[in-house]
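# Working through the structure, step by step
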Amino acid sequence: MFKKSISYILVLIAVWGIKAQETNIAYDIGEKYNDKHKYSNLLSIADDGNGGTVVVRSYFSGIVLKPKGYLIEHYDENLELLSEYNYKLKKSNFVEAYVKNGQVYLLFLEYNYSSLSYEYIVHRSPFTEFAFTKEVLLSIPSEIVQQPLDRNYYNRNFSKGFTTSVLFNDDKTAFAITSHFKRRKEHKHFIYVFDSSLRKLMEHDFSEEVEEKNYAFENVVFSEDFSNVYLVGKAYFKKKRFNATERKFQYELVRISKNDRDTQSFYTPGKFPEALKPIFKDKELLCIGFYADRKDNRYNGIAYFKLNPQSLSIESQKFNAFSQQFMLDKFGREEDQNIKNLVFKSMDVSDNGEILFNAEEYFTSNSVQANTSGGRVMVTRYHHNDIVSAKLNATGDMLWARNINKTEVTQGDGAYASYSAYTKDNDTYFFISTSAENPQQLSAERIMFKQGLSRNRNIFLIKLDAQGHMSYDKVIDDTDVRLPLMVSMPLIDSGADELLFYAKRGSKKQLVRVAVK
């Protein structure tokens, strides 16, 4: 009995060691407003340039939910609703929404049967006085195909004749459109680059490269003056014969400008890069991601590449294996220790050049279930599980990596699931939403944040300090904010150390501003 008491006290000490001793945030709750549209998805939340906020949503209605239009809401600096506008637009193939230059931009991909071409079309309007105009940004001749827009950059289909994708940089100041099509023996691949004001910065014929490889670009970054664009993705070989230990693709970085281009492949025997993301650290061009020791998607650590921004030659590369502490964080003593399905969420560079980045274990699953009319439908579920956070020093060596155990699944708006991260003074803060009152204690050193079953949600703040030590606290109680926050899509104001969240359920909506002290 005495030994059991001692063990229980040690567990409590460990729990209190993890638990935060003070709240690091303050929050303001905006007025709760009525909303006519029960079913909607948050598309964009942005600063209006005067301390206010612009929110863009798509909404759905009908017995079988179908898109009916777009809602634009304008709030002032006090979180009060100034105006809202219903832009009714049916049967549109939506691509992206953003707010820049005092205007709302809605980007669509449509097929023009008269000209037999796909058209990227932009609808835009000032948000102070709504009057949407429509213009064709780009027209690409092609026969009509099924699902021309590839939203899943990780599994592109090049056999259907035409495929296209759109990649924005993180702050939505510029974007690239790639189009790949083939007619009989003719293969063409073009890359078009625009800034947020829709000025075409460059058009590049990439067709020579697709004679040998098909490219599925995943991430993009631009030089400060927009004279160079850097795209990272998978290059699938068409004719190369492969050994059993090789993959049919390799990751490549492509630089294009108005006058030239360069390509760099990431190939190291026995190391397979995954999910590489380009980033500029001052004048340094880096690619950071994960790597596997085998050709499958089981990640073994962090990959780091430093490249010359002009020639793309690799100046430094490092492969940092996950530590035993990280594996214990994630799996405890389990035998099956496979890490996969990691997707980047955010990356920050500190004043001393250290790199903090965060990823999430994300995947989808499908099942067949009965509907209300007695039929059977395919249902897709979106899984947002563990958070992986890592810190590298200025030269790419891993200082630490931590795993935060989390499990969430949703069939609807993913904005309510997942998390958001914010870095201040070398500390990283994670905001997650859960119905649980406390995380589940897996062991003395491991906790699990679960989704919970209640309609009301608490907001937990998880903190990783400069050494990777974790603490947590429940910072917003479901009795204070009754509407669930869309934690994965905040408006972040780094200057004020604030995050603004949109909260909605059913016919009610409001804004919640959170300040990190």
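Described below are features of the structure shown in this document. These figures come from a predicted structure and were not determined experimentally.

Assigned secondary structure in the protein chain consists of 2 helices and 35 strands. Residues classed as buried in the protein chain amount to 53% of the 517 residues present. For the protein chain, contacts bridging at least 24 residues in sequence account for 49% of all contacts bridging at least 6. Accessible surface, the protein chain as shown: approximately 24,900 Å² in total, 48% of it carbon and sulfur.

Below, the discussion takes up the sheet that holds strand β26 (residues 398-410). Read from one edge of the open sheet, 6 strands run β23-β24-β25-β26-β30-β29, paired in mixed fashion. Bordering the open sheet on either side are β23 (342-349) and β29 (440-441), each of which pairs with just one other strand. The sheet contact formed by β23 and strand β24 (residues 355-370) spans 7 bridges and is antiparallel. Directly across from Leu342, in β24, lies its bridge partner Glu361. On the sheet, helix α2 (residues 324-331) packs against β24, β25 (376-392) and β26 and is oriented at approximately 15° with respect to β26.

In this section: the sheet that holds strand β6 (residues 81-88). Judged by pairing direction, the sheet is antiparallel, and its 4 strands sit side by side in the order β3-β4-β5-β6 without closing on themselves. Sheet topology places β3 (39-47) and β6 at the edges, where each strand pairs with a single neighbour. Shown here is a sheet whose adjacent strand axes are inclined to one another by a mean of 20°, direction ignored. In terms of strand pairing, strand β5 (residues 66-75) meets β6 through 7 bridges, oriented antiparallel. Among the inter-strand pairings, Glu73 is bridged to a residue of β6, identified as Glu84.

A word on the packing of aromatic side chains. One pass over the full model with this rule turns up 36 aromatic pairs. Ring plane angle 65° and centroid distance 5.6 Å describe the contact between Phe449 and Phe460, whose orientation is recorded as edge-to-face. Of the two residues, Phe449 is situated in strand β30 (residues 447-450) and Phe460 in strand β31 (residues 458-464); the sequence distance between them amounts to 11 residues. Taken individually, Phe449 and Phe460 each receive the classification buried, so the pair is uniform in this respect. Plain terms: the ring middles of Phe449 and Tyr472 are 5.8 Å apart, the flat faces sit at 90° to each other, and that makes the pair edge-to-face. Residue Phe449 is located in strand β30, and its partner Tyr472 is located in strand β32 (residues 470-476); the two are separated by 23 residues in the primary sequence. Joined through ring pairs, the aromatic side chains of Tyr98, Tyr105, Phe168, Phe175 and Phe194 make up one cluster. Note that Lys172 overlies the ring of Phe168, its terminal NZ or CZ placed 5.6 Å from the centroid.

Before going further, it helps to spend a moment on the pattern of salt bridges. Scanning the entire structure with this criterion turns up 30 salt bridges. Between Arg255 and Asp262 there is a salt bridge; the shortest N-O distance is 2.6 Å. Overall, Asp262 belongs to the partly exposed group, its relative accessible area being 26%. As a salt-bridge pair, Asp477 and Lys474 come within 2.9 Å of each other at their nearest N and O atoms.

Turning our eyes to something else, we now look at the environment of Ser311. Following the sequence through the fold, Ser311 ends up in the loop between β21 (301-307) and β22 (314-321). Spatially, the C-alpha atoms of Ser311 and Arg255 are 8.6 Å apart, while their sequence positions differ by 56 residues. A polar side-chain atom of Ser311 sits 3.1 Å from a polar atom in the side chain of Ser313.

Looking now at unusual backbone geometry. Positive phi, normally seen in glycine, also occurs at Leu198, with a value near 75°. Locating Leu198 in the fold gives a position in the loop between β13 (186-195) and β14 (200-205).

With that out of the way, let us pick up a positive patch on the surface. A cluster of basic residues, Lys36, Lys66, Lys88, Lys90 and Lys91, forms a positive patch on the protein surface. Relative to the helices and strands, Lys36 is located in the loop between β2 (33-34) and β3. Taking relative accessible area as the criterion, Lys36 reaches 82% and is therefore assigned exposed.

What follows covers the pairing of strand β34 (residues 498-505). Counted residue by residue, β34 has 6 buried out of 8 residues, so it is predominantly covered. Hairpin connection of strand β33 (residues 491-493) to β34: 4 residues between the antiparallel strands, including Asp497 at a positive phi of 55°. For β34 and strand β35 (residues 508-516), the ladder comprises 8 bridges, and the chain directions are antiparallel. Considered in β35, the bridge of Phe501 is made with Val512. Counted between consecutive antiparallel strands, the loop separating β34 from β35 contains 2 residues, among which Gly506 sits at a positive phi close to 60°.

Cut-off values and rules
Residues numbered from 1 in each chain as written. Predicted model: local features only at pLDDT ≥ 70, side-chain atom pairs only at ≥ 80, totals over all residues. Heavy atoms only, no water. Helix = DSSP H or I, 4+ residues; strand = E, 2+ residues; numbered from the N terminus. Buried < 20%, exposed > 50% of the residue type's maximum accessible area, 1.4 Å probe, protein only. Contact = heavy atoms within 4.5 Å. Areas by Shrake-Rupley, 256 points an atom, 1.4 Å probe, with all protein chains shown as cover. Pairing = 2+ DSSP bridges. Axes fitted to C-alpha atoms, helices over the stretch in contact; angles between N-to-C directions. Phe/Tyr/Trp six-rings, centres within 6.5 Å; stacked < 30°, edge-to-face > 60°. Lys NZ or Arg CZ within 6 Å of the ring centre and 35° of its normal. Salt bridge = Lys/Arg side-chain N within 4 Å of Asp/Glu carboxyl O. Polar contact = N/O pair within 3.5 Å; in protein donor to acceptor, adjacent residues only side chain to side chain. Patch = residues over 30% accessible without salt bridge, like charges linked within 9 Å, V, L, I, M, F, W, Y side chains within 5 Å. Lys, Arg positive; Asp, Glu negative; His and termini not counted. Charge placed at Lys NZ, Arg CZ, Asp CG, Glu CD.

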